[in-house]
Amino acid sequence: MAMIMNKCTSVKLARKLSHPCCFSSDLFSLTANIRPLYPSTAKSFEFPALLLTFLNHYSVSPFHLNNANVHFTFDFNSFYVSFIDNSTHKTHLNQIHAHLLASGLQDCGFLITKLINVSCNLGEIRYARKVFDEFPDPDVFLWNAIIRGYSMHNMFGDVIEMYSMMQMAGVSLDCFTFPYVLKACSGLLALEMGWRVHGQIFRHGFELDVFVQNSLVAMYAKCSQIRHARMVFDGLYDRTIVTWTSIISGYAQNGEPIEALRIFSQMRQSNVKPDWIALVSVLRAFTDVEDLEQGKSVHGCVIKMGLEYEPDLLISLTAMYAKCGQVTVARSFFNQMKLPNLILWNAMISGYAKNGYAEEAVGLFCEMIGKNLSVDSITVRSAILACAQVGSLELARWMDDYIMRSEYRDDVFVNTALIDMYAKCGSLDFARIIFDRTLQKDVVVWSAMIVGYGLHGRGREAIDLYHAMKQSGVCPNDVTFVGLLMACNHSGLIEEGWELFHRMKDYDIEPRHQHYACVVDLLGRAGCLSQAYDFIMNMPIEPGVSVWGALLSACKIYRHVTLGEYAAEQLFSLDPYNTGHYVQLSNLYASVRLWDCVAKVRVLMKEKGLSKDLGYSLIEVNGKLQAFRVGDKSHPRYKEISVELERLEKRLMEAGFVPHTDSVFHDLNYEETEEILCNHSERLAIAYGLISTPPGTTLRIIKNLRACVNCHSATKFISKLVSREIVVRDANRFHHFKDGVCSCGDYW
DNA sequence: GTAGGGTTAG
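Okay, so let's go over this structure. (Residues numbered from 1 in each chain as written. Chains lettered and ligands numbered in written order. Predicted model: local features only at pLDDT ≥ 70, side-chain atom pairs only at ≥ 80, totals over all residues. Heavy atoms only, no water.)

Tallying each qualifying case throughout the model produces 21 salt bridges. Its salt-bridge partner being D401, residue R405 comes within 3.2 Å of it at the nearest N-O pair. Since its relative accessible area comes to 60%, R405 is described here as exposed. With a shortest N-O distance of 2.4 Å, R503 and E499 are connected by a salt bridge. Placement of both R503 and E499 in helix α30 (residues 494-503) is noted, with a separation of four residues, approximately one turn of the helix. (Salt bridge = Lys/Arg side-chain N within 4 Å of Asp/Glu carboxyl O. Buried < 20%, exposed > 50% of the residue type's maximum accessible area, 1.4 Å probe, protein only. Helix = DSSP H or I, 4+ residues; strand = E, 2+ residues; numbered from the N terminus.)

See below:
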């Protein structure tokens with residue numbers, strides 16, 4: 001049998017028929033079984049020969065054949081006609097039309113409506129339109145048929161056009177017309193048109209039709225008019241599960257998941273039983289708020305209702321678990337789906353990317369390309385985000401190259417992601433190239449570039465770009481200011497940062513935690529610790545982790561123990577299981593040689609079951625990332641690395657480098673300390689980079705933790721000794737080491 | 001012949 005199958009159609013049919021996870025084979029056997037039924041059954045029809053042609057060619061459904069009134073009730077629903085060889089559609093339709101003409105039935109509105117419906121179902125929308133145009137005086141059924149055709153193929157502009165023409169022709173609309181037209185308004189986000197249609201609905205007296213009203217709720221919700229959707233919803237006495245689902249998903253789509261969930265519980269109280277689409281909508285709301293526990297309870301509900309094999313629920317569950325960080329659980333749902341589905345893959349890739357499983361995300365993306373699966377803008381954006389996290393410039397180049405050859409090269413969202421990616425992979429130059437070639441830059445594009453400069457401590461350029469942005473008529477937003485403040489902070493532009501912070505109110509932007517944290521950082525950097533403390537005390541919002549963290553960092557740099565202890569106390573109560581805070585406090589104690597206190601912090605961590613995060617560094621050599629841990633001897637070239645390390649050590653000593661022992665977490669004796677220091681992962685990566693690349697090559701290193709004082713200082717020396725630029729991405733920012741100086745100005 | 005859902009950059 002010729003099989004040109006519409007994926008979506010086959011899924012719908014399979015849903016009606018059998019276990020969804022193995023639909024393809026069931027579908028085949030079912031079609032095979034019922035085919036032989038036709039010839040014998042068909043003989044008993046009294047209907048004209050052309051309708052037999054219809055049935056034989058365009059229907060594989062046995063369901064209607066046993067019906068005594070078959071010639072008036074048979075069904076040409078889209079999913080029953082999707083098995084026909086595409087190339088013969090046109091011929092068959094032509095034959096049928098010819099039969100109609102020959103039988104003098106060309107004016108039979110009923111048959112022509114059927115012909116139009118079948119043509120639309122087969123995707124022959126232009127043919128349908130031709131048949132429609134040739135019909136002398138179309139009635140409302142015929143108009144609805146052609147409008148339905150355009151609607152089912154998402155040709156919304158044509159829907160609206162036909163709707164206007166229908167009114168001009170003086171045909172009165174019925175309650176079937178409006179849902180198609182409203183769907184078109186939603187699809188086009190044509191709110192004005194939606195308003196007008198709403199007026200028509202009133203005038204035609206369809207304000208009680210539940211289909212029309214449900215469509216109105218959905219239309220307003222899709223056009224971001226959730227308040228209006230709510231007004232229609234509140235005015236409805238007769239609410240079906242579709243009504244409830246429309247308003248629930250409307251709130252979720254408009255960024256109000258909490259309200260969506262509140263209405264869901266209201267729905268449950270009204271004893272309306274959710275169906276699978278309602279559950280999908282509710283899952284989305286819990287996914288948005290990343291509420292794993294509630295998400296799990298919906299999962300329980302899905303199982304209770306026996307819907308756990310519903311493919312679209314599997315997708316929603318995958319998305320929910322993935323976004324809530326349960327990527328392994330998500331992956332098991334992902335693996336259950338045998339047929340490729342773009343949204344499922346997107347959910348898995350973005351879930352991986354969002355939760356730090358960057359390699360898995362990139363891997364899946366490559367798998368998609370390898371398998372020739374179609375991707376969309378969401379797929380590439382998630383993949384770009386993952387590349388940004390990996391940090392490899394080579395991978396970033398590959399991704400950029402892929403985008404340049406794709407249909408997304410002018411997509412402003414994709415380009416924003418690319419700018420961010422290049423900035424995080426260490427190349428502002430490439431980021432700038434993308435930025436410069438992006439037309440119609442919105443505030444997000446500008447902010448991404450400003451944040452990029454900020455990340456690399458290029459404060460002046462960030463501020464210049466900010467002025468250029470304003471000049472081009474784009475208004476800054478809160479993210480722009482995060483970028484600017486970060487840029488000032490990372491490059492020591494203390495007064496400029498302070499001034500910019502106060503400019504925020506000119507744009508009615510309420511500072512958030514990140515902005516306050518940047519200011520505390522700025523003050524801290526300038527050594528104004530008591531001002532920083534006063535600033536925190538006068539904040540209009542409750543200071544959070546980022547703010548106290550900034551203060552603790554400053555206290556560590558300036559060795560201010562009492563204030564540091566206070567900041568640490570706040571951090572421990574707000575964020576008790578974050579190892580970083582304990583390490584910072586311990587490093588503060590170590591810097592003033594308060595070894596007893598260092599030990600106390602260690603005990604505190606032990607009590608909480610925490611251990612210091614293992615440091616590692618990655619270095620990219622010839623497009624490959626190599627990982628090194630502290631004291632790592634496992635590398636195949638360890639012998640050479642170790643020789644290089646010793647050589648470096650010697651040269652460092654000769655150049656007058658003195659190790660800073662206080663960056664070691666434990667109280668060790670001097671020799672051991674020094675040995676561990678030069679075995680820090682960063683140094684291993686540098687040594688490997690030096691022996692693996694030609695002289696003068698920039699070394700690019702990615703660390704999982706913040707730079708330690710000792711490595712930072714040693715790396716400055718090394719950059720001068722070996723005449724190399726060394727670019728290090730630590731957990732917070734970039735350090736560009738060159739000629740013995742670091743771009744961070746020794747404050748990070 | 002009609003209505004509702006899932007993936008989304010800084």
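In the neighbourhood of DNA strand B, 46 residues make up the surrounding shell, with N144, D312, I315, N346 and V444 lying closest. Among atoms of DNA strand B positioned within 4 Å of the protein, sugar and phosphate together represent 41%. Take K222: an N or O atom from its side chain is 3.0 Å from a phosphate oxygen of DNA strand B. The side chain of S246 places a nitrogen or oxygen atom 3.5 Å from a sugar or linking oxygen of DNA strand B. Residue contributions to the surface near DNA strand B peak at six residues, all from helix α15 (residues 241-253). Looking at the surface near DNA strand B residue by residue, the class counts come to 21 nonpolar, 15 polar and 10 charged. (Near = heavy atom within 4 Å. Polar contact = N/O pair within 3.5 Å; in protein donor to acceptor, adjacent residues only side chain to side chain. Nonpolar A, V, L, I, M, F, W, Y, C, P; charged D, E, K, R; others polar.)

This brings us to the sheet that holds strand β2 (residues 624-629). Taken together, the six strands give an open sheet; going across it, the order is β2-β1-β3-β4-β5-β6, and neighbouring strands pair in mixed fashion. The sheet terminates laterally at β2 and β6 (741-742), the two strands that pair on one side only. Judged from the three bridges that link them, strand β1 (residues 616-621) and strand β3 (residues 699-703) form a sheet pairing that is antiparallel. Of the residues in β3, the one forming a bridge with I619 is I701. (Pairing = 2+ DSSP bridges.)

The biggest cluster of nonpolar side chains holds 190 residues, and the ones touching the most others in it are I116, M399 and M421. Other than its neighbours up to four places away in sequence, M399 contacts F365, V380, A383, I384, C387 and M421. Residues F657, A687, I701 and C744 belong to the second largest nonpolar core, which totals 27 residues. (Core = buried A, V, L, I, M, F, W, Y, C linked by side-chain atoms within 4.5 Å. Contact = heavy atoms within 4.5 Å.)

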